Amino acid sequence: MRYYISDLHFYHKGMNESMDCRGFSSVEEMNEVMIERWNAKVTKKDEVVILGDLSFGTAEETNQLLERLNGKLYLIYGNHDRYVNAKGFNAFRFKWIKPYAELSDEKRKVILCHYPIFCYNGQYRMDEKGNPKSYMLYGHVHNSEDEVLINRFIEITKSTTREIKGMEGEHPIPCHMINCFCMFSGYTPLSLDEWIEVDRRRRENLTQDVADGTRKPEVFEIDD
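Residues numbered from 1 in each chain as written. Predicted model: local features only at pLDDT ≥ 70, side-chain atom pairs only at ≥ 80, totals over all residues. Heavy atoms only, no water.

Participant: Provide a residue-level description of the nonpolar core, including the pertinent values.
Facilitator: With 46 residues, the main nonpolar core has Tyr4, Trp38, Leu54, Phe94, Leu112 and Leu137 as its most contacted residues. The biggest single contributor to this core is helix H2 (residues 27–41), with six residues. When neighbours within four sequence positions are excluded, Leu54 is seen to be in contact with Leu8, His9, Phe10, Leu65, Leu66, Asp81, Tyr83 and Phe94. In this structure, Cys113, Tyr120, Ile154 and Met177 belong to the second largest nonpolar core, which totals ten residues. (Core = buried A, V, L, I, M, F, W, Y, C linked by side-chain atoms within 4.5 Å. Buried < 20%, exposed > 50% of the residue type's maximum accessible area, 1.4 Å probe, protein only. Helix = DSSP H or I, 4+ residues; strand = E, 2+ residues; numbered from the N terminus. Contact = heavy atoms within 4.5 Å.)

Below, the structure written as structure tokens:
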């Protein structure tokens, strides 16, 4: 099984105390909870694609962290993955480290980048039933005001119609961008299908938030 997750920020005290306000009593507790939830889901045979900002720790701290995480690991590095170029960092736990990648997941193209890509490769590809054949998975923006702007872009794009090659008449523009922010999944790596479901449910709540004037992070439990 292949899983995806972004912006765990191990060892990053600021994520707990300010920006994300994660609510742990300490950064040590945050680290341990995230490791526990990761390993409860991921086996040694599973693959995990990390969409950036895995660790804010030193090279030595990150080496120790990687020894404790299950799975075959792949890193799309983010702006806070500074350990990658630090002296003493051991990259042996990663199958590869890249800024961008395109993978196939159950016959669907997956575009992977730490930063959201608004016009991604394969965006207009759909199967004969009209289901998307491409998804853009990103991180970086957490649940910030930047994510609010991205959500606006997605809604505007989906509500805009145009002629699409191979189809008669005008159709809504496909836009299947999913923020794999760790707090949206309860700090647990998820499969593509699980992220699709989390994103669907989160967007339903965003629509309700607009109606009642509120907006807050949502965490959804996924049944195994």
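There's plenty left to go through after this.
Participant: With reference to specific residues and values, describe the pattern of salt bridges.
Facilitator: Tallying each qualifying case throughout the model produces 13 salt bridges. A salt bridge links Arg108 to Asp193, with the shortest nitrogen-to-oxygen separation between them at 2.7 Å. With Arg108 in strand E6 (residues 108–113) and Asp193 in helix H5 (residues 192–212), the pair connects residues that are 85 residues apart, well separated along the chain. Exposure remark for Arg108: the relative accessible area of 15% places this residue in the buried category. Residue Asp193 is classed as partly exposed on the basis of its relative accessible area, which comes to 45%. A cluster of three or more residues bridged by salt bridges with shared partners is formed by Glu147, Asp199, Arg202 and Arg203. (Salt bridge = Lys/Arg side-chain N within 4 Å of Asp/Glu carboxyl O.)

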